[in-house]
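# Notes for the structure review
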Amino acid sequence: MDNRPIGVFDSGVGGLTVVKQVMKLLPHEKIIYFGDTARLPYGSKSKEAVTRFSKQIVRFLLTRDVKAVVAACNTVSSNSLDELRKDFDVPIFGVVMAGARDAVSSTKNNRVGIIGTSATVRSGAYERLILSLNPDISVYQKACPLFVPLVEEGFTDNEIVRLIVKEYMSGFLSTGIDSIVLGCTHYPLLKKCIGETAGSDILILDPAASAVSEVKEYLEKEGGLSGDTSFKEHVFYLSDITEKFDMLCKMALNKTFVPKAVDIEKY
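How each quantity is defined
- Residues numbered from 1 in each chain as written.
- Predicted model: local features only at pLDDT ≥ 70, side-chain atom pairs only at ≥ 80, totals over all residues.
- Heavy atoms only, no water.
- Pairing = 2+ DSSP bridges.
- Helix = DSSP H or I, 4+ residues; strand = E, 2+ residues; numbered from the N terminus.
- Contact = heavy atoms within 4.5 Å.
- Axes fitted to C-alpha atoms, helices over the stretch in contact; angles between N-to-C directions.
- Left-handed = near helix turned anticlockwise from the far one by under 90°.
- Nonpolar A, V, L, I, M, F, W, Y, C, P; charged D, E, K, R; others polar.

## So, the sheet that holds strand β4 (residues 92-93)
Spatially, 6 strands are ordered β4-β3-β1-β2-β9-β10 in an open sheet, and the strand pairing comes out parallel. Edge positions in the sheet fall to β4 and β10 (260-261), since each has one partner strand and no second. Across 2 bridges, strand β3 (residues 68-71) lies against β4 in parallel orientation. The residue of β4 that forms the bridge with Val 69 is Ile 92. The strands touched by helix α1 (residues 16-25) within the sheet are β1 (6-10), β2 (31-35), β3 and β9 (235-238), with β2 carrying the most contacts at an inclination of about 175°.

Encoded structure:
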């Protein structure tokens, strides 16, 4: 047993969709969350910048004695995960492999769509992983860079969102895909609008549950699950505390938490 917390981080609040799954699948685990709200979005940044930011965050989380780290950010997972694992002696999990596996197991016609940030699409990580699992699948990718700032502003279900979703999906849906992977942890908060635009024949896949299942399996195998069944007070840190956090936290987790500010540049 290991009662130390699990660290989860994202460029902003999108990682709260992964936190929701940790709370559901690992209810006895304490969570230390970090959202890099001062430097988002990561999707428009270079691979070098994303990797540097991610290393600072992992260093910070290690000061909180975490037993594992979840990079709840597709941009980090697709660009920086290998380097993070090389540099830090702590188990680090991403979300891209989980999404690739979900896509391979769910598609019926071997035509899969990926939507994500520009950096995630540019990395080609989803396509490489999907084809490594099933080379017969055709992968179609679409960068949707406005989705992250929409979510961070609290715009998740209104006419502005619908118009932007329709603009991004125009042409993309004509590829014949039967499933779409939400290749950014912010995107599940737009799932309703994305699903309405895509139509009922296209499956919308959120990799968060599968990603957390991998963490759970690892902790079970290594004897690392928490043995403390009492309530854990999860702790949330942000690099910039904004007035929108309460609203977005309630939207993702159905409750609010009071975040603490961290000068992440110190790490």
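Resuming the write-up.
## Description of the packing of helix α5 (residues 96-106) against helix α11 (residues 208-222)
Running from N to C, α5 and α11 cross one another at 115°; their axes reach a closest spacing of 8 Å. When you trace α5 past α11, the crossing you get is right-handed. Every residue of α11 that contacts α5 at Met 97, Ala 98, Arg 101 and Asp 102 is listed here: Ser 210, Ala 211 and Glu 214. Taken together, the residues of the contact of α5 with α11 break down into 3 nonpolar, 1 polar and 3 charged.

## A look at the environment of Glu 48
Residue position: Glu 48 is located in helix α2 (residues 47-62). The sequence separation of Glu 48 and Tyr 187 amounts to 139 residues, and the corresponding C-alpha distance is 24 Å.

## Examining the sheet that holds strand β7 (residues 179-183)
The 4 strands lie next to each other as β6-β5-β7-β8, forming an open sheet whose pairing is parallel. Only two strands of the sheet have a single neighbouring strand rather than two, namely β6 (138-143) and β8 (203-205). Each adjacent strand pair in this sheet contributes to an overall mean axis angle of 25°, direction not counted. Relative to β7, strand β5 (residues 111-116) runs parallel, the two being bridged by 5 bridges. Counted as the bridge partner of Gly 116 is Gly 183 from β7. The sheet contacts of α5 involve β5, β7 and β8, and relative to β8 the element is tilted by about 160°. Packed on one face of the sheet, helix α10 (residues 191-198) meets β5, β7 and β8 and runs near 150° to β8.

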